[in-house]
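Residue-level structural notes
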Amino acid sequence: MIEKDIIQDTENEFEPFRIFILTNAVIALPLNLLVFYLIMFKSPKYLNKYKYILLNIWVWVFVTDMLLDVVVVPLPLMDIFSFYATGLVRYMDPSVGFGCYAFGVFCVSESLMSLLIAFFYRYRSLKYELQIFGKPVTMIHYCIGITFLLVVPPGTVGLGVVSTYVPSDHFQKYINKNRPDYMPFLEQRRVFGTNTRNFLIGCGVYFLWIIAWTFMVAWCIRGIMRQFKENRASLSDFTYRLHVQLLKSLIIQTASPMVLRAVPISVDLVGLICGFNITNAILGNVKSSLDDQLSSGRHAHSTIPKSCPGSYSQKEWNEG
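Fair warning: this is a prediction, and the values are worked out from it, not measured in the lab.

So, on to a nonpolar patch on the surface. Where nonpolar side chains cluster on the molecular surface, the patch consists of V26, I27, L31, L34, Y37, L38, M40 and F41 and spans about 780 Å² of accessible area. Among the secondary structure elements, L34 is positioned in helix α2 (residues 15-41).

The following block contains the structure:
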């Protein structure tokens, strides 16, 4: 009974967070399909190469949503630095769930790098000549830079996540010795444990790349706005409006995964390190507030016939 209470209490605590993830999946899937249709079949011809940059962003965002919001749906166990899957892989070996989770984090990084490439492309389309240390940037430089962005940051983040994995047998021995109260989770759920030291190092790498990414995106936006001012006279009204619309849409594309993915992951990592779950606390308070409002609304509705002097039952109305 105690074992069931431990599992049930933990899952009840994280239910708002899980509902948030599943809601995100339900909303994201049709939107992703719509975006794919618009990119492939409704993109104007003058977008040219930018169409494939948008398609690259879509691929990584779609794979991320499917992995983290449908396949894995990871829930953390704060006290023992571990996670367990509640999605489609919840009945599979923990190594499978962890592999999907690690690849999902890798895809998050890829989507962020793809957005950065799109910002740089928008900046490059306005600034006709870029120079590095006084030398013009050539196609080789662009290829090297794009390859670096798509390989190094996501690769280091992915390897950082993989390095945190602890095999199931070792993790069970550790928990049985140090936290036997959590053994029910390992017996009834597919828990994948993490090495605390490697986990903290991985978090540090993740946050460093997020800071660098934010700086580069801000630099691109600043450069784009400066180019708008400098080249406004040489741009036709149509071209100017097109660049502005593309920039706005790219900012929206960036804000969505940041709000729905990167920020919650960052907040949860901080909470996991500090020993509390910020995101779940916020969602829990929102859920409790909504439940209270619904409950008070039902209570008020049920008391209207009794409290309103002008209200009548159906029988009294018919008799009157």
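Our focus in this paragraph is α2. Given 3.6 residues per turn, any residue in an α-helix points the same way as the ones three and four places further on. The end-to-end C-alpha distance of α2 is 39 Å, a good match for the 39 Å that 27 residues give at a rise of 1.5 Å each. Taken as a whole, α2 has its buried residues at P16, F17, I21, N24, A25, A28, N32 and I39.

The N-to-C vectors of α2 and helix α3 (residues 50-72) enclose an angle of 155°; their axes lie 10 Å apart at closest approach. Our classification of the angle between α2 and α3 gives roughly antiparallel. Both α2 and α3 take part in a crossing whose hand is left-handed. Mapping the contact onto sequence places I21, L22, N24, A25, A28, L29, N32, L33, V35, F36, I39 and M40 in α2 and K51, L54, L55, W58, V61, F62, D65, M66, L68, D69 and V70 in α3. Split into classes, the residues belonging to the contact of α2 with α3 amount to 18 nonpolar, two polar and three charged.

The next point concerns the UniProt feature "transmembrane region" (unreviewed entry) in the chain. UniProt feature "transmembrane region" (unreviewed entry): in the numbering of this structure it lies at residues 19-40, 52-75, 95-121, 142-166 and 199-221. Across residues 95-121, the secondary structure splits into 100% helix and 0% strand, with the terminal C-alpha atoms separated by 39 Å. In residues 199-221, helix accounts for 100% and strand for 0%; the two terminal C-alpha atoms are 33 Å from one another.

Taking strand neighbours across the sheet as the criterion, the four strands line up as β1-β2-β6-β5 in an open arrangement whose pairing is antiparallel. Both edges of this open sheet fall to β1 (74-77) and β5 (165-166), since each of them pairs with a single strand only. As paired strands, β5 and strand β6 (residues 191-194) are joined by two bridges and run antiparallel to one another. Residue pairing in the sheet places Y165 in a bridge with T194 of β6.

Right, let's get into the nonpolar core. Among the nonpolar cores identified, the biggest contains 52 residues, and Y50, Y101, L112, W213 and L250 are the most heavily contacted of them. Secondary-structure elements contributing two or more residues to this core are α3, β2 (82-85), α4 (94-126), α5 (139-162), α8 (196-231) and α9 (237-274). When residues in this core are grouped by element, the largest group, 15 residues, is from α4. Among the nonpolar cores identified, the runner-up in size contains 18 residues, and I7, I21, L77 and Y84 belong to it.

Next up on the list: the packing of aromatic side chains. One pass over the structure, following the stated rule, counts 16 aromatic pairs. Ring plane angle 20° and centroid distance 5.9 Å describe the contact between F103 and F106, whose orientation is recorded as stacked. Of the two residues, F103 and F106 both sit in helix α4, three residues apart, roughly one turn of that helix. Between the aromatic rings of Y123 and W219, the centroid separation amounts to 5.2 Å while the plane-to-plane angle is 75°, which identifies the pairing as edge-to-face. Linking Y123 in helix α4 with W219 in helix α8, this pair joins segments that are 96 residues apart in sequence. Using a relative accessible area of 35% as the deciding quantity, one classes W219 as partly exposed. Taken together, F83, F98, Y101, Y165 and F192 form an aromatic cluster joined through their ring pairs. The aromatic ring of Y50 is capped on one face by R122, whose charged end is 4.6 Å from the ring centroid.

One side chain can pair with another of opposite charge once the charged atoms of both are near each other. Applying the stated rule across the entire model yields two salt bridges. With a shortest N-O distance of 3.0 Å, D181 and R179 are connected by a salt bridge. The exposure class assigned to D181 is partly exposed, which follows from its relative accessible area of 33%. Overall, R179 belongs to the partly exposed group, its relative accessible area being 27%.

What counts, and where the lines are drawn
Residues numbered from 1 in each chain as written. Predicted model: local features only at pLDDT ≥ 70, side-chain atom pairs only at ≥ 80, totals over all residues. Heavy atoms only, no water. Patch = residues over 30% accessible without salt bridge, like charges linked within 9 Å, V, L, I, M, F, W, Y side chains within 5 Å. Areas by Shrake-Rupley, 256 points an atom, 1.4 Å probe, with all protein chains shown as cover. Salt bridge = Lys/Arg side-chain N within 4 Å of Asp/Glu carboxyl O. Helix = DSSP H or I, 4+ residues; strand = E, 2+ residues; numbered from the N terminus. Expected span 1.5 Å × (residues − 1). Buried < 20%, exposed > 50% of the residue type's maximum accessible area, 1.4 Å probe, protein only. Axes fitted to C-alpha atoms, helices over the stretch in contact; angles between N-to-C directions. Parallel < 35°, antiparallel > 145°, perpendicular 65-115°, else oblique. Left-handed = near helix turned anticlockwise from the far one by under 90°. Contact = heavy atoms within 4.5 Å. Nonpolar A, V, L, I, M, F, W, Y, C, P; charged D, E, K, R; others polar. UniProt positions renumbered as here; feature names shortened; annotations may be inferred. Pairing = 2+ DSSP bridges. Core = buried A, V, L, I, M, F, W, Y, C linked by side-chain atoms within 4.5 Å. Phe/Tyr/Trp six-rings, centres within 6.5 Å; stacked < 30°, edge-to-face > 60°. Lys NZ or Arg CZ within 6 Å of the ring centre and 35° of its normal.

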